[in-house]
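# An overview of the molecular structure
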Amino acid sequence: MSKSATQAFRTSTMAAPCDYDVIVIGAGVSGIYQIKRLVDLGVRATVLDANGDLGGTWYNNRYPGARFDSESYTYGYSFSKELLEEWHWTERFSPQPETLRYLNFVVDRLGLREHMQFGCRVEVMHFDEQTDLWHLRLGDGRTLSARVVVTGLGPLSTPTLPKIPGMSDFRGLSFHTSNWPHEPLDLTGKRVGIIGTGATAIQIIPVVAQQAAHLTVFQRRANWAAPLNNGPISAAEMASIRARYDEIFAACARSPAAFEHVPDSRRFSEVPPAERRAFWDRLYDEPGFGIWLANFAEIFIDEHANAEISAYIADRIRQRVKDPALAERLIPKDHGFGIQRLPLETNYFETYNRDNVELVDSKATPIERITPTGLCTRERTFDFDIIVYATGFDAFTGAYDRIDIRGLGGQTLRDKWADGPVTYLGMLVSGFPNMVMLGGPQTAAANFPRGSEIAVDWIVPLLTHMMNAGHTRFDAKPEAEQAWCNAVKASYQGLLMSKAQSWITGYNSNLEGHEYGHTRYNIFATGGVEYAKHLQAAAQGGYAGIAFS
Ligand code: NAP
């Protein structure tokens, strides 16, 4: 942005003085890049984060086995050659401690820490229509004002616990996976119970099983999972990755989910069954999401194709679990492969071959009560030293619902979104001016940093546009918002995942209004490539969907 635009913005903020031109909420992956761009613009900006330090999801999720299943070198920021040159990823799929170190490295290398404030939870955020300013109240009692608020709250940052009687009676240690203790937790000799078999549990279970005396897994619905096939990255490989960075990021930009994996261009029906199996053998043994994202596109839309890949993966599970009856219990029967977000695993299925691991069917015998010493089902009692709730998140809207956000006319965002999120391009909400969301609902669910860079790179010109024109307010037009909601809804049509019991459709058994069947359109399901085109068209069209004043 030009100096004059920054000046114009200053003048507008001086008309109604405020503490900051822009407040960013959240010092995670998206907030870090956002503050970098704002600092470069020369506007007065700060990041507020409820946590004790930066990192967002990578600060919170410290459970054993936590790592992403994006290839590490597709997860780093792409905007700085220096960062790309200097950082060495040591594993193909970086574990949480390394990812947190990476984010700290970025922040320190770019001198961004001084623009961040920690331990401050935003509790209230009200828009003042007279001054076009947001007024924020923090948990520590402070109040701050800003012309613009950018929310980088994280789509999966608000944990949900089950509602089981007696939870507070337990005398051992119990916590949600995203609150795994920061200090080392020695599991040696411990009896551990894990509730849930989502992507998080699937990462924890094999690691805990190796350390604990005994592990009991409470599974309600079995979950498809496929091998991560992780490995180290040598210095020589890293050098070759560095030489390919432009190519790697260009490939991510061409793929719907912003990975190097792209759907196979052949039609499922045109490839003979034996060839399909050989193709799947290769994908299953390759690192990463290939078996999901580089597969035939038909597995996501065609029941027959989906049934065939499901049968193939079920066979692979049978080969890995020694007890045939146990293998059957680990094979999902209620949904097909890949229609929920696929967890990638390391020795997950083999873990059930261990003598110290037991799988309990908590659908047939639900947990009735947590007791001081463990829990009980209708049939049995279990004694534990530690209970781990791997029970998921209030996805996308949860973090917003927990802030008292009020826009024009005092309308609350919570009310506006009571039946599910409503947005313009997943970035703005009509009636909530000067608020922009990063990684919010109704964006494309993609490899997160890739999506974050696209979003921030859209926000900065929007702010520049507003500042250059001397405007103090921007707000999505209701008709533009409606059109985007229609596009989001349409993007689910024909996809098998539209019936999934997953955060994609807003399902969460522990939250009222999130029951199965009450679909919430949480993502733009057509994917990142089309999403980026929509953002670009909105900007090139002079932001016709946005009212400035
Ligand atoms: P999740 O996928 O929502 O799984 C929650 C699990 O808890 C499910 O198995 C669920 O069973 C069970 N559960 C919930 N309430 C229960 C109750 N009252 N009684 C018994 N079981 C209960 O949550 P998650 O595993 O934390 O994963 C969420 C998302 O985070 C993933 O989809 C992924 O996007 C992200 N994630 C990513 C990574 C990675 O990058 N590698 C790792 C972890 C998580 P039902 O299915 O029966 O409801």
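Remember, predicted model here, so these are calculated numbers, not experimental data.

Counting its secondary structure elements, the chain contains 18 helices and 20 strands. Relative to the globule expectation of 24 Å for 549 residues, the C-alpha radius of gyration of the chain, 24 Å, shows essentially globular dimensions. Relative to its full complement of 549 residues, the chain shows a buried share of 57%. Of the contacts made within the chain by residues no fewer than 6 positions apart, 72% connect residues no fewer than 24 positions apart.

As a further point, take the domain arrangement of the chain. The domain boundaries assigned to the chain delineate domain 1 (3–158 + 395–542), domain 2 (161–223 + 343–392) and domain 3 (255–340). Between domain 1 and domain 3, the C-alpha centre-to-centre distance is 33 Å. With both sides pooled, the region where domain 1 packs onto domain 3 buries about 1,500 Å², and carbon together with sulfur makes up 60% of that total. Looking only at domain 1, the three residues that lose the most surface to domain 3 are Asp69, Glu71 and Leu496, adding up to 33% of its buried area. At the boundary of domain 1 with domain 3, the tally comes to one salt bridge. Glu303 is the partner of Lys499 in a salt bridge, and the nearest nitrogen-oxygen pair spans 3.7 Å. Linking domain 1 with domain 3 are five residue pairs in polar contact (both at pLDDT 80 or more), by the criterion used here.

Now for helix 7 (residues 199–211). Of all bends in helix 7, the biggest is about 30°, found at Ile205, and the proline Pro206 comes one to four residues later. Taken together, the buried positions of helix 7 are occupied by Thr200, Ala201, Ile202, Gln203, Ile204, Ile205, Pro206, Val208 and Ala209.

Turning next to the sheet that holds strand 15 (residues 381–383). The three strands are arranged 13-14-15 in an open sheet whose pairing can be described as antiparallel. Across the chains shown, the open sheet's two edge strands, defined by having one partner strand only, are strand 13 (367–371) and strand 15. Across the sheet, the axes of successive neighbouring strands diverge by a mean angle of 20°, strand direction being ignored. The pairing of strand 14 (residues 374–377) with strand 15 spans three bridges and is antiparallel. Bridge pairing in strand 15 places Gly374 opposite Asp383.

A word on the packing of helix 9 (residues 273–285) against helix 11 (residues 303–320). Helix 11 packs onto helix 9 with a crossing angle of 55° between their chain directions and a minimal axis gap of 11 Å. The pairing of helix 9 with helix 11 is recorded here as oblique in orientation. Of the two elements, helix 9 crosses helix 11, and the hand of that crossing is right-handed. Only Glu308, Ile309, Tyr312, Ile313, Asp315, Arg316 and Arg320 of helix 11 make contact with helix 9, whose side of the interface consists of Arg276, Arg277, Trp280, Asp281, Tyr284 and Asp285. Of the residues in the contact of helix 9 with helix 11, the class split is five nonpolar, no polar and eight charged.

Here the focus is the pairing of strand 9 (residues 214–219). The buried fraction of strand 9 is high, at five of six residues. Where strand 8 (residues 191–195) and strand 9 come together, five bridges link them in parallel fashion. The partner of Ile194 across the bridge, within strand 9, is Val217. Taking the sense of rotation as the criterion, the β-α-β connection linking strand 8, helix 7 and strand 9 turns out right-handed.

A word on the sheet that holds strand 8. The strand order 7-16-8-9-12 describes an open sheet built from five strands, whose pairing is parallel. At either end of the open sheet lies a strand with only one pairing partner, and these are strand 7 (173–176) and strand 12 (357–361). Taken pair by pair, the neighbouring strands of this sheet meet at an average axis angle of 15°, ignoring direction. This element, helix 7, spans strand 8, strand 9, strand 12 and strand 16 (386–389) of the sheet and lies at about 170° to strand 8.

So, how was this worked out
Residues numbered from 1 in each chain as written. Predicted model: local features only at pLDDT ≥ 70, side-chain atom pairs only at ≥ 80, totals over all residues. Heavy atoms only, no water. Helix = DSSP H or I, 4+ residues; strand = E, 2+ residues; numbered from the N terminus. Rg over C-alpha atoms; globule rule 2.2 N^0.38 Å. Buried < 20%, exposed > 50% of the residue type's maximum accessible area, 1.4 Å probe, protein only. Contact = heavy atoms within 4.5 Å. Domains from an automatic or database assignment. Buried area = accessible area lost by both parts, 1.4 Å probe. Salt bridge = Lys/Arg side-chain N within 4 Å of Asp/Glu carboxyl O. Polar contact = N/O pair within 3.5 Å; in protein donor to acceptor, adjacent residues only side chain to side chain. Bend = angle between axes of the 7 residues up to and from the residue. Pairing = 2+ DSSP bridges. Axes fitted to C-alpha atoms, helices over the stretch in contact; angles between N-to-C directions. Parallel < 35°, antiparallel > 145°, perpendicular 65-115°, else oblique. Left-handed = near helix turned anticlockwise from the far one by under 90°. Nonpolar A, V, L, I, M, F, W, Y, C, P; charged D, E, K, R; others polar. Right-handed = clockwise from strand over helix to strand, strands pointing away.

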